[in-house]
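Descriptive structure summary
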Amino acid sequence: MSELLKHVEAVWQSVVPTLPGFTVEVLPSIDSTNSELMRRARNGLMEPVLLVAEEQTAGRGRLGKGWHSRRGQSLTFSLALPMAPASWSGLSLAVGVSLANSLHADVRLKWPNDLWLHERKLGGILVETASQGEAPPGARMVVVGIGLNVARPDAEAVAGLGGTPSALPAMAPAGLAEILVGATCGEVLAQVAPALARDLQAFENQGFAAFAQRFAQRDALQGRGVQLSDGTRGTACGVDDDGALQVLTEHGMRHVTSSEVSVRPC
Ligand code: BTN
């Protein structure tokens, strides 16, 4: 039996009381858990579902990049549920806060979607929404995809899985094994998924305001020099009420939204 399967019953038991109709699925292989749940949403599926894959053959990251993971060494899953928040601003930051809180005090959040451990990337978040289906008025199906390195991946293995040199991270990624020694993908799933479901519901009711303070406590860029992908340099000054990154540049404070640019410390 897959190690992941041992943990899905506990996850389901914990989530279903607050998310009626919730189901959990574990697949040995799929192109991408996000792609699959987006396909289902576009075909009208509006039931909450957690889809976990032992292997993704075409994992997707933000900004059109790929996401490479290894069977048994990375946790890859997506959680889809219908949501109708007053504002969607800051949702991916709230997801990061939820994961960091569930994982470890050392986990930091690198705006907008990265989980960092000791200055290296530990995981990523890909949030997508679909409006099709029989959603209640104002509701959309949100698909929250999470990729977490459980074992510490090595750059060569990532390259061997089809990454081009330009797609490779500059520094070797981190793995949860560095702080949660011996933790399995199933154990990590059980540690993060129920809280994530609860936090998405909290976001729907209270918005980013319920997460802003905790984001600030984990903000990896706070006070650091940053360079935006459009070349602008400045100092990161936290996020505003909508979750936009505030960057103090020579021309004043700029509010950067995640769809505009990427950002890296410099
Ligand atoms: C990023 O850092 O760019 C986001 C990475 C998100 C990866 C996860 S793995 C599970 C889900 N399925 C995907 O294809 N992507 C997300």
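Per chain, residue numbering runs from 1 following the sequence as it is written. Reporting of local features is limited, given that this is a predicted model, to residues whose pLDDT is at least 70; pairs of side-chain atoms are given and counted only at 80 or more, and all residues count toward the totals for whole chains, interfaces and linings. The basis for every side-chain value is the complete set of heavy atoms in the structure, and neither hydrogens nor water enter the calculation.

Concerning the pattern of salt bridges
For salt bridges, the criterion is a side-chain nitrogen of Lys or Arg within 4 Å of an Asp or Glu carboxyl oxygen. Overall, the coordinates contain eleven salt bridges when judged by the stated rule. Across the salt bridge formed by arginine 120 and glutamate 178, the nearest N and O atoms sit 2.7 Å from each other. With arginine 120 in strand S6 (residues 120-130) and glutamate 178 in the loop between helix H4 (155-160) and helix H5 (185-206), this residue pair connects regions lying 58 residues apart in the sequence. With a 1.4 Å probe rolled over the protein chains alone, any residue whose accessible area is under 20% of its type maximum counts as buried; one over 50% counts as exposed, and the rest are partly exposed. A relative accessible area of 13% places arginine 120 in the buried class. The residue arginine 254 makes a salt bridge to aspartate 230 at a minimum N-O spacing of 2.8 Å. Of this pair, arginine 254 sits in strand S11 (residues 252-256) while aspartate 230 sits in the loop between strand S8 (225-228) and strand S9 (233-239), and the two are 24 residues apart along the sequence. Overall, arginine 254 belongs to the partly exposed group, its relative accessible area being 22%. In this structure aspartate 230 comes out as partly exposed when scored by relative accessible area, which is 41%. Each helix is a run of H or I in the DSSP string that is no shorter than four residues. Each strand is a run of E no shorter than two, and both are numbered from the N terminus.

Section: the site of the ligand
Here a residue is near a molecule or strand as soon as one of its heavy atoms is found within 4 Å of it. The environment of the ligand is made up of 20 residues, and the closest members are Ser32, Gln56, Arg60, Arg62 and Lys121. Polar contacts, as used here, are pairs of N or O atoms within 3.5 Å; protein pairs need one atom able to donate a hydrogen and one able to accept it. Residues neighboring in sequence count only if both atoms are side-chain atoms. Separating an oxygen atom of the ligand from a backbone N or O atom of arginine 62 is a distance of 2.7 Å. Within the complex, the protein chains bury 97% of what would otherwise be the 410 Å² of accessible surface of the ligand. For the shell around the ligand, the secondary-structure elements that each account for two or more residues are helix H2 (33-42), strand S3 (74-83), S6 and strand S7 (140-149). A 1.4 Å probe and the Shrake-Rupley method give the accessible areas. Residues count as covered only by the protein chains that appear here.

Brief notes about the sheet that holds S6
Ordered in space as S1-S2-S3-S7-S6-S5-S4, the seven strands form an open sheet in which the pairing is mixed. Across the chains shown, the open sheet's two edge strands, defined by having one partner strand only, are strand S1 (23-27) and strand S4 (107-110). Each strand of the sheet is rotated relative to its neighbour by a mean of 20°, with strand direction disregarded. Strands pair, by our definition, only if DSSP identifies at least two bridges between them. Pairing of S3 with S7 involves ten bridges; the strand directions are antiparallel. What sits directly across from leucine 75, in S7, is leucine 148. Note on contacts: a residue pair qualifies if any of its non-hydrogen atoms lie within 4.5 Å across the two residues. Every angle, taken between N-to-C directions, lies between 0 and 180 degrees, and every axis is a line fitted to C-alpha atoms, over only the stretch in contact when it is a helix. The strands touched by helix H1 (residues 5-15) are S1 and strand S2 (49-53); relative to S1, the strand with the most contacts, the crossing angle is about 165°. With respect to the sheet, helix H3 (residues 91-103) is in contact with S3, S4, strand S5 (114-117), S6 and S7, its orientation differing from that of S6 by roughly 135°.

Examining the domain arrangement of the chain
For the chain, the assigned domains read domain 1 (4-218) and domain 2 (225-265). Note that the domain bounds reflect an automated or database-derived domain assignment. Put simply, the middle of domain 1 and the middle of domain 2, counted by C-alpha atoms, are 24 Å apart. Residue-level contacts link eleven residues of domain 1 with 14 residues of domain 2. By definition, the buried area sums, over both parts, the 1.4 Å-probe accessible area that each loses when the two are put together. The contact between domain 1 and domain 2 buries some 890 Å² in all, and 70% of this surface belongs to carbon and sulfur atoms. Of all residues in domain 1, the largest losses of buried area upon contact with domain 2 belong to Lys110, Trp111 and Phe208, amounting jointly to 54% of the total for that side. Between the two partners, domain 1 and domain 2, sit zero salt bridges. At the boundary of domain 1 and domain 2, one finds two residue pairs in polar contact (both at pLDDT 80 or more). In this classification, Asp, Glu, Lys and Arg are treated as charged, Ala, Val, Leu, Ile, Met, Phe, Trp, Tyr, Cys and Pro as nonpolar, and every other residue, Gly included, as polar. In terms of residue class, the side of domain 1 that touches domain 2 is made up of seven nonpolar, two polar and two charged.

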